[in-house]
Amino acid sequence: MANTFGYGGMTNHLGDMRFSKYILIIGANPAVNHPVGMVHLLRAKESGAKIVCIDPHFSKTAAKADEFIRIRSGTDVALVYGMINYIKANKLYDEKYLKERVYGYEEIFKEAEKYPLDEVSNITGIAKETIINMTKEMAQAKPAALIWNQGLTQHTVGTNNTRIMPILQMLLGNIGKNGGGVNILRGHDNVQGASDMGNLSDTLPGYYGLGEGAWKHFCNHWKVDYEWMKSRFASKEMMEKTGYALSTWRFGVLDEENFTHNANTPLKALVVIGNGISTTSLLDKTKMALDQMELVVFIDPYVNDVAVITERTDNLFLLPAASQMETSGSVAATNRSYQWRYQVMKPMFECREDHEILFDLAQRLGFKEEFQRSLYEIAKKEGRENFIWPDDATTEMAQSIRSIGLQGMSAKRLKSHCDHWHLFNNVTLAGTGPMKDQFYGLPWPCWSEKHPGTPVMYNDQIPVMQGGMGFRVRWGEKSPDGQSLLSQNKLPNSQIAGHPAISAENIEKILGIKLTEKEKEATKGTTFATGDTNILVEKALEAGICPYGNGKARMVVWNWADQIPRHREPLHSFRQDLISKYPTFADKKNLFRANVKFKSEQDHDWKKDYPLNMLTGRLVAHMGTGTETRSAKYLAEIAHTMFVEIHPNTAANYNIGDGDDVWVHGVGGTKILVKAKLSYRVDEHSVFMPQNFSGVYSGKSLLDRYPSGTKPYAIGEAASLVVGYGFDYNTACPETKCGLCRIEKA
Ligand SMILES: Nc1nc2c(c(=O)[nH]1)N[C@H]1C(S)=C(S)[C@@H](COP(=O)(O)OP(=O)(O)OC[C@H]3O[C@@H](n4cnc5c(=O)[nH]c(N)nc54)[C@H](O)[C@@H]3O)O[C@H]1N2
Ligand SMILES: Nc1nc2c(c(=O)[nH]1)N[C@H]1C(S)=C(S)[C@@H](COP(=O)(O)OP(=O)(O)OC[C@H]3O[C@@H](n4cnc5c(=O)[nH]c(N)nc54)[C@H](O)[C@@H]3O)O[C@H]1N2
Ligand SMILES: [Mo]
């Protein structure tokens, strides 16, 4: 199932942070969640970079930073507008960069006028002087890097957060520079790969979308007939329609009003492969949906935590999957580098590798031949009867995903990187010796077999064959108000300034060349991203330009509800007094097939009964649901108890002592029983809980429901049972980072 969490990716990479003079970590806790990458940040600090951490919680990263600034959760957009307000007034922006490479910054400056620093201070809880000081320091440091993660995405305004941060970095001229960039730390191992592969319900692989052109492109590469593919769907409309998300599928089981978005049918079966799902908010709704469906299947090396939460007694299957040690293939790291992984051991006992289970599923569903056809075609081309897994699948993937430039990759090239790991520099990613002129893992775009990969995106000061590029041209050459969306810059070694993406239609004009008849025939009707030859791309590279165009970044998204980012109060806000001025969005119909409430949910005085701001995050000893790590004896020993952090003054108000049992009540009427941990890491208004527990449900242990021999060593209540309703307006990512709750001594 698609993972709707954590859109994005790094423009730069972790080693590159050593070139930073200033690192702003906002909404991430790498000391806990990316401890290996954190080493690079600490090295940067040793070489003089200032590290500032902005977080509502005094995290371990905050403890390692030079400065910790506590923010009220859900108010980052307001903070950044405050910074922009100051940047504008004091001319701290990079005017040349903006003129050459950015569209719409004047409107951002105008919007920032609505956020004078006193107002920003009131919204965020950060002192005015602190904002001024950090803005000055960040603007003066060249380059400055920005790092974030789920502290910014898991909000109703998650998309606004992730737009305002690049805007800030562009105003300061920090994107496309070593030691700068916007660096979104990825979650799971290979979550970057999962999103590149389109394990999402709104796109085919490679971010091609779901339109007819995208389907035709992949049908061509998969060697299946487009009409056959269409016949698998109820209609063409359904074929091109965004599916349910990890967060919205429950509403497709429980709420009749949504069935119309799903060809008039409720969801009846669920197959979960490689996802915890007990970590998704509204766990009670997940339970109800699972109890009600006709069939539920978990494909997992462990007993999926939700399998013991549902009370269904039949048509519940646990298929044992092999672990990552028992399989092989390419995985993508947080910086777009692909890495090869060899199998460490053969699958143990009856477990099987995920792809084998999927092949069998395809067989039962009657389309195994079509499912594997392109793999056999690749084998045939090389004179083999059978395909080689995962090598041939890697070829298929690299050859079809041209939108982001995977075609320069191959199993052979990736294996050679793995085998020569020691020949790459971990700060620049540059290879030496036989690995010369290649960057480790060929971070995409990697346009051709000779292209080295792109460690730092959007650097237009280096040649394309060294990883140079401008911003992608995706929204036409002109904005609706008639301004050019093409960059004013040329890449070095090129005579061509801003230009649109290369296609068969425009290549002769843009490059000033003539294609031969043969080339014309081979590329007919294609763009740099479609078809199955690399001719257009190779010609662009020869001319020194980047195939996907050289455009301006846009700060105004004219076709969105919030054309430019705005501060909106969290759905369940701790500051009821600010809601009328900064209300949430209007309710939205058909968001990932569900009607989702915004305004109608916010319009209620929640704080009266739920007076505390609820924060959630992670523990270093556990991963995700904790399914795997709580089944590891030593990790379970290190972190064995689910808890809620409460400020000592707040705890005193409720007569709660350290280690007491407390009930935490969520706005949806749910409650969990956890241990109180008195701590100054939260402020008096907030509590914090880790997301890594499961196995207890509203005070009741589920241990006796695990099949024998599979009981985890540590169990605890899942925070997601009390995390309230609330979803990002565009991605439907749950709002887990702010919300309201009530605590009560048990
Ligand atoms: N040990 C361990 N490592 C992991 C994981 C794990 O479970 N355990 N999970 C992996 C996954 S899937 C992911 S996605 C990443 C997540 O990595 P992170 O995003 O670093 O994880 P979190 O701890 O959830 O949240 C980060 C910080 O955001 C802060 N925050 C909350 N709300 C706000 C806000 O409104 N504004 C700001 N500025 N900050 C806010 C939180 O207090 C927290 O300190 O970690 C990955 N790494
Ligand atoms: N309150 C709150 N809730 C949150 C968050 C938060 O910060 N606060 N963060 C959210 C985020 S970012 C995420 S990513 C989710 C956590 O993400 P989840 O996906 O819910 O958590 P994991 O425990 O990582 O689940 C992975 C599952 O895959 C299984 N698995 C491991 N390896 C394999 C394999 O090779 N094959 C197969 N088939 N299965 C495998 C594991 O045993 C486990 O059951 O939590 C989200 N929920
Ligand atoms: Mo994640």
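What comes next concerns the included structure. Only a predicted model underlies this, so the values are computations on that prediction, with no experimental measurement involved.

### Digging into the pattern of salt bridges
Taken as a whole and assessed by the stated rule, the structure comprises 38 salt bridges. K236 serves as the salt-bridge partner of E212, at 2.9 Å between the closest nitrogen and oxygen. Placement of the pair is E212 in helix α12 (residues 212-222) and K236 in helix α14 (residues 236-239), with a sequence separation of 24 residues. We classify E212 as partly exposed; its relative accessible area is 32%. For K236, a relative accessible area of 31% corresponds to the partly exposed category. Each of the salt bridges in this network shares a partner with another, and the network as a whole consists of E212, K216, K236 and E240.

### Structural notes on the site of ligand 2
Not every one of the 31 residues close to ligand 2 is listed here, only the nearest: H188, T279, D300, D354 and T625. A distance of 2.5 Å is found between an oxygen atom of ligand 2 and a side-chain nitrogen or oxygen belonging to T279. Classifying every residue of the shell around ligand 2 gives ten nonpolar, 16 polar and five charged.

### Here's the deal with the environment of S400
Within the element layout of this structure, S400 appears in helix α19 (residues 391-400). Sequence spacing of S400 and D460 is 60 residues, and the spatial spacing of their C-alpha atoms is 26 Å. S400 has contacts with Y208, H217, F218 and H221, leaving out every residue within four places of it along the chain. A distance of 2.8 Å separates a polar atom in the side chain of S400 from the backbone oxygen of E396.

### Looking at the state of the cysteines
Simply put, the disulfide is a covalent bond whose two ends are the sulfur atoms of two cysteines. By the definition in use, this model includes zero disulfides. Unpaired in this structure, C418 has its nearest cysteine sulfur neighbour in C446, at a distance of 17 Å. Free cysteine: C741, not disulfide-bonded; nearest cysteine sulfur from C738 at 12 Å. Assessed through its relative accessible area of 0%, C741 is described here as buried.

### Points about a nonpolar patch on the surface
Residues M325, V344, M345, M348 and F349 make up a contiguous nonpolar surface patch of about 560 Å² in total accessible area. Along the chain, the position of M348 falls in the loop between β11 (338-341) and α17 (354-365). Taking the relative accessible area as the measure of exposure, M348 reaches 39% and is therefore partly exposed.

### Some words on the sheet that holds strand β8 (residues 295-300)
Whether parallel or antiparallel, the strands of a sheet pair through hydrogen bonds between backbone atoms. In spatial order, the strands read β7-β8-β9; together these three strands make up an open sheet with parallel pairing. Sheet topology places β7 (269-273) and β9 (316-320) at the edges, where each strand pairs with a single neighbour. Across this sheet, the average inter-strand angle for adjacent strands is 10°, counted without regard to direction. As paired strands, β7 and β8 are joined by five bridges and run parallel to one another. Bridge pairing in β8 places I273 opposite I299.

Rules and cut-offs
- Residues numbered from 1 in each chain as written.
- Chains lettered and ligands numbered in written order.
- Predicted model: local features only at pLDDT ≥ 70, side-chain atom pairs only at ≥ 80, totals over all residues.
- Heavy atoms only, no water.
- Salt bridge = Lys/Arg side-chain N within 4 Å of Asp/Glu carboxyl O.
- Helix = DSSP H or I, 4+ residues; strand = E, 2+ residues; numbered from the N terminus.
- Buried < 20%, exposed > 50% of the residue type's maximum accessible area, 1.4 Å probe, protein only.
- Near = heavy atom within 4 Å.
- Polar contact = N/O pair within 3.5 Å; in protein donor to acceptor, adjacent residues only side chain to side chain.
- Nonpolar A, V, L, I, M, F, W, Y, C, P; charged D, E, K, R; others polar.
- Contact = heavy atoms within 4.5 Å.
- Disulfide = S-S within 2.5 Å.
- Patch = residues over 30% accessible without salt bridge, like charges linked within 9 Å, V, L, I, M, F, W, Y side chains within 5 Å.
- Areas by Shrake-Rupley, 256 points an atom, 1.4 Å probe, with all protein chains shown as cover.
- Pairing = 2+ DSSP bridges.
- Axes fitted to C-alpha atoms, helices over the stretch in contact; angles between N-to-C directions.

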